[in-house]
Structures are given as C-alpha cells and as structure tokens.
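Now for the letters of each chain:
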Amino acid sequence: MEYKNKERSAANLSLSLMFGGVLATVLPFYFQVDLIGWGFGVAFIGLLVTISSFLVFLMFNGRAKVQEKIFMRENILAHWRYSKEFWQENYHDDLADAGLGKIFGLFFGGIFSLIGIGVFLLDTAENKLFLLIMLGIAIFFVLIGLLSAILEKRRVEATLPEAIITKEGLFFKNILYTWNAKAISYLESVSLHPDSPASLLFILRQLSGGNLSMAHYHKFMLPVPIPPGEEEQALKIISYFKLQKQLEDAE
C-alpha cells in the first residue's frame, strides 16, 4: 500500500493560506483603495490569516518531516504488525467510537434548538430572528458532528494493522503522534502499561488552550499493544526513551 503524507498536504495548504493573507494585507495599500471604508479591515484580517497560517504551517511542517522519515525508514525503533484476529477486535471498538461525533453534534444541536424554541414561544412576534439564529447554530453543530463521524469512520477503515515507533514520533491507527517540536508537543515518558503489561504506554504533553485562553500542555495517554514475541524489543524502546530523558534532564 502506498502511503500518502497528509501532513505535507496540510502544510502546503497552510502555506497557500499564508500567501493569500499576505496579499490581502498588502494589496489595499498598493492599490490605494478606500482604507477608511474597508481597506484597513481587509488588511487586518489578512494579517491575522498570515500569522495564524504561518504558525499552523510550522506545526504541520514539523509533523510532515517525521512522516517523511517514517516513509524513508529512518529512525525506526520498531515496526509491529498485528494479527487479523487481534486487529478485528480493536477495529470494531474503534468503529463504535467513530459515531461519538454524531452523537455530540445531535446533542448540542438539540440544546440550541430547544433554547431557540423556548425563547421564541415567550414572544413569537419579537423573537423570530433569535429562533432562526439558534436553529442555524443547531444545524451547524449537527453537520459538524456528522462530518466528523464520517471522517473518523474512513480513518478507521483505512487503518493498517501496524504500529511504527520512531525516535521522533509514533504512527498508530492511521494517526501520527509527534514529539520532535517541544514547543508544540513532547514525550513525557514511555513505560509498560500499569493496567495492561502487554502494552506500551506513551504519555505525551500537547499544547492546547486552557482557562482564560492561556495555553497549557494537555496530558495525553496512548497505549500501544505489544505483539507476542516483541516483549524484549518493547523493553529496549523503554530503555531508549528513558536514556533520552536522562540526557535532556542533564542538559
């Protein structure tokens, strides 16, 4: 099966958006349009798009480099393949989880619909616009939920029964996890899973929004099953990352 570097595609898309933002920022001044009327507004939006797209590009570009090394078989610590029976069991569990997005979409859509209908019934003459706005938001959440469920199902169906562990990232269940850019995410530890010794437990910290819009590193736990006969290799992987952690702490 031929792999496709989706991270590189996302990086290129972000780069294109960044160039579009640069044009939107510069062109109003270059053509000397009505700056007071709308030129400054377009330039400001273009500047926001430029900055945000550049940051997103840096994130996806770093991930794309890790993905490219995986395709080139560089820095590979283990490439585990799982039996059909084992993978089918996990496959059905993942398919069940893929429908959660649809449930959340319907849940939030229902809440906004009820709020809109409730306020509308209090005063049907004055609250028609409010009802339409709430119904629009409800439809938005439902569509997002359905789309996320469809995309998740496609991801699960396209997943190969394998786990690729590298020095800078992990490719598992068709998802790439990276820790090569510590400003975005870093690997906290690798160990045997305390509740399931037949699995490696990767603990990552990923940059995310926090309270009052303050960024913080969210803890993310990822168990990776150890195929039969690969227990010794799993211990070597633990030792490797433990040594890397000790060297970083010493520095």
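Reading guide: rules and limits
Residues numbered from 1 in each chain as written. Predicted model: local features only at pLDDT ≥ 70, side-chain atom pairs only at ≥ 80, totals over all residues. Heavy atoms only, no water. Salt bridge = Lys/Arg side-chain N within 4 Å of Asp/Glu carboxyl O. Helix = DSSP H or I, 4+ residues; strand = E, 2+ residues; numbered from the N terminus. Buried < 20%, exposed > 50% of the residue type's maximum accessible area, 1.4 Å probe, protein only. Expected span 1.5 Å × (residues − 1). Arc of directions from axis to C-beta. Pairing = 2+ DSSP bridges. Axes fitted to C-alpha atoms, helices over the stretch in contact; angles between N-to-C directions. Contact = heavy atoms within 4.5 Å.

Asker: Residue-level account of the pattern of salt bridges, with values.
Answerer: According to the stated counting rule, one finds four salt bridges in the structure shown. Salt-bridge contacts for Arg63 lead to Glu7; the nearest nitrogen and oxygen are separated by 2.8 Å. Of the two residues, Arg63 is situated in helix α2 (residues 35-71) and Glu7 in helix α1 (residues 6-30); the sequence distance between them amounts to 56 residues. By the burial criterion, Arg63 is buried, and Glu7 matches it. A salt bridge links Lys69 to Glu168; the nearest nitrogen and oxygen atoms lie 3.1 Å apart. Remark: Glu168 occurs in the loop between β2 (162-166) and β3 (169-172) and Lys69 occurs in helix α2; sequence separation between them is 99 residues. The exposure class of Glu168 is partly exposed, given its relative accessible area of 24%.

Asker: Before we move on, could you go through α1 and cite the residues and values that matter?
Answerer: End to end, α1 covers 36 Å across 25 residues, agreeing with the expected 36 Å (1.5 Å per residue, within 8%). Three or more residues of α1 are buried, namely Glu7, Ala10, Ala11, Ser14, Met18, Gly21, Thr25 and Pro28. Phi turns positive, to about 55°, at Gln32, one or two residues after α1.

Asker: Lay out helix α6 (residues 231-250) in plain terms, naming residues and giving numbers.
Answerer: Look at α6: 29 Å from first C-alpha to last across 20 residues, which is about the 28 Å you get at 1.5 Å a residue. Of all the residues in α6, the buried ones are Ala234, Ile237, Ile238 and Phe241. All buried residues of α6 lie within an arc of 100° about the axis, which places them on one face of the element. Across α6 from its buried face, at more than 90 degrees, point the exposed residues Glu232 and Ala250.

Asker: Requested: an account of the sheet that holds strand β4 (residues 175-178), with residues and values cited.
Answerer: With respect to topology, four strands assemble into an open sheet ordered β1-β2-β3-β4, the strand pairing being antiparallel. One side of each edge strand has no neighbouring strand; the edge strands of this open sheet are β1 (76-81) and β4. Between one strand axis and the next, the sheet turns by 10° as a mean value, whatever way the strands run. Sheet topology places β2 next to β3; three bridges connect them, and they run antiparallel. By the bridge assignment, Ile164 is partnered in β3 with Phe171. Seen against the sheet, α6 touches β1 and β2 and runs at an angle of roughly 150° to β1.

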